[in-house]
Amino acid sequence: MSTEDQEFNLRQRLSGLSRLPLLRGAKVAGEAERLQQQLARLQTDTSDEAIWRSVELARHPDRPYTLDYVARIVDDWVELHGDRGRADDGALVTGLGRLDGRTIVVIGHQKGRDVKERLDRQFGMAYPEGYVKAIRAMEIAERFGFPVVSLVDTPGAYPGVAAEQHGQGGAIARSQAAMARLTVPTVACIIGEGGSGGAVAIAVSDRVLMQENAIYSVISPEGCAMILWRDPEMKKKAAAAFKPDAFHCLELGVIDAIVPEPDGGAHADHDAAAQLLGESLRETLDELVETPGDELRRRRRARFRSLGVFA
């Protein structure tokens, strides 16, 4: 294929993407022009370096985590602890609160700020106990008819021997199955790293959103580089190959919309990032609450079964 043909095909694809709900959800005065500029940048800057910038921003140590967003957009927050069997996993936070007067159940990863908290929360990588706690929260949501909001930010499920001994794979599968069975509206948003089974365990949702500088992938760039080249320093090449950034995830169809971030990234202004995320969540829930529960479940199952299918 000639260079001219490649450019033409790329322009056609980008033209089609411009009609999708990219960067929607920000009903804030004065945002329209900035969002258009972000859209133009996303469409023109999809280079390997731009993809790696997304990886770095998704991992930024000052990026807001689940509890940072909860403190800013959720009222009357009550955290739920423990799996009622073995332990309380700090890597996964669950609780109830109100989003604009609507009671919701929140499930989200929490990485921790200082060294002690990061160790206590396993850097956001949950044990099986964390997924069991998430299932408990889902059951409460189903019983009382509360929508479920998931905030995903994890390198992956905890990779230790103890986690495997406790049934890591089965816990992730049961969490996915529990989400697939829900008849209440569910919205997931990738707010940082969306890594492997640890991410998808709480992201089998009616709508999957993704912040502008987040990443979502089946494996980390370093892990991919080790498998393909036996060299973690090839991580940039790996990221460029499987494109975990928001723009390409939207293009691939694994997410439904991109949530904008403040200039410089979410870490630069937690309050503005929370405002934009809150608007997107409210708008998405408003779209879903009128749909009957059985229909939500049917569409959700059909949507995830269609992913990865090639005719």
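Here, the structure is the one placed above.
Here is what the cut-offs are and how they apply
Residues numbered from 1 in each chain as written. Predicted model: local features only at pLDDT ≥ 70, side-chain atom pairs only at ≥ 80, totals over all residues. Heavy atoms only, no water. Axes fitted to C-alpha atoms, helices over the stretch in contact; angles between N-to-C directions. Helix = DSSP H or I, 4+ residues; strand = E, 2+ residues; numbered from the N terminus. Parallel < 35°, antiparallel > 145°, perpendicular 65-115°, else oblique. Left-handed = near helix turned anticlockwise from the far one by under 90°. Contact = heavy atoms within 4.5 Å. Salt bridge = Lys/Arg side-chain N within 4 Å of Asp/Glu carboxyl O. Buried < 20%, exposed > 50% of the residue type's maximum accessible area, 1.4 Å probe, protein only. Phe/Tyr/Trp six-rings, centres within 6.5 Å; stacked < 30°, edge-to-face > 60°. 1 Å grid on protein atoms, 1.4 Å probe; cavity = no way out; pocket = protein on both sides within 12 Å on 5 of 7 lines; lining within 4 Å. Points joined across faces, edges and corners; volume = space filled by probe spheres on them. Nonpolar A, V, L, I, M, F, W, Y, C, P; charged D, E, K, R; others polar. Expected span 1.5 Å × (residues − 1).

Participant: Help me understand the packing of helix H6 (residues 128-144) against helix H8 (residues 168-181) in this model?
Facilitator: For any two helices packed against each other, the geometry comes down to the angle between their axes and how far apart the axes lie. H8 packs onto H6 with a crossing angle of 15° between their chain directions and a minimal axis gap of 8 Å. Viewed along their axes, H6 and H8 adopt a mutual orientation that is roughly parallel. With respect to the hand of their crossing, H6 and H8 are arranged in left-handed fashion. Facing Pro128, Tyr131, Ile135 and Met138 of H6, the residues of H8 in contact are Gln168, Ala171, Ile172, Arg174, Ser175, Ala178 and Met179.

Participant: What exactly am I supposed to notice about the pattern of salt bridges here?
Facilitator: Any two side chains of opposite charge can pair if their charged atoms end up close together. Under the defined criterion, the tally for this structure stands at 20 salt bridges. Glutamate 193 is the salt-bridge partner of arginine 59, the closest N and O atoms lying 3.0 Å from each other. Taken together, the residues span a long stretch of sequence, with arginine 59 in the loop between helix H3 (48-58) and helix H4 (66-73) and glutamate 193 in strand S5 (residues 186-195) at a distance of 134 residues. A residue is classified by how much of its surface remains accessible, and arginine 59, at 28% relative accessible area, is partly exposed. With a shortest N-O distance of 3.2 Å, arginine 297 and aspartate 294 are connected by a salt bridge. Placement of both arginine 297 and aspartate 294 in helix H14 (residues 293-306) is noted, with a separation of 3 residues, approximately one turn of the helix.

Participant: Would you explain the packing of aromatic side chains in this entry?
Facilitator: Under the defined criterion, the tally for this structure stands at 2 aromatic pairs. With a centroid separation of 4.5 Å and an interplanar angle of 15°, the aromatic rings of tyrosine 127 and tyrosine 158 are classed as stacked. Linking tyrosine 127 in the loop between helix H5 (115-120) and H6 with tyrosine 158 in the loop between strand S4 (148-154) and helix H7 (161-165), this pair joins segments that are 31 residues apart in sequence. The interplanar angle of 20° and the centroid separation of 5.9 Å between the aromatic rings of phenylalanine 144 and phenylalanine 146 together place this pair among those described as stacked.

Participant: Help me out: how do you make sense of the layout of surface pockets in this one?
Facilitator: One way to see where empty space is left: roll a probe the size of a water molecule over the atoms. Space inside the largest pocket adds up to approximately 390 Å³. With 3 residues, helix H9 (residues 196-200) is the largest single contributor of residues to the lining of the largest pocket. Partitioned by chemical class, the residues of the lining of the largest pocket number 12 nonpolar, 3 polar and 1 charged.

Participant: Is there a simple way to explain H14 in this structure?
Facilitator: Owing to its 3.6 residues per turn, the α-helix aligns residues three or four sequence positions apart on the same side. Its 14 residues place the ends of H14 20 Å apart at the C-alpha level, agreeing with the 20 Å of an ideal helix rising 1.5 Å per residue. The inward-facing, buried residues of H14 abut H8, S5, strand S6 (207-211) and helix H13 (270-288). Just beyond H14, the residue with positive phi is glycine 308, at close to 80°.

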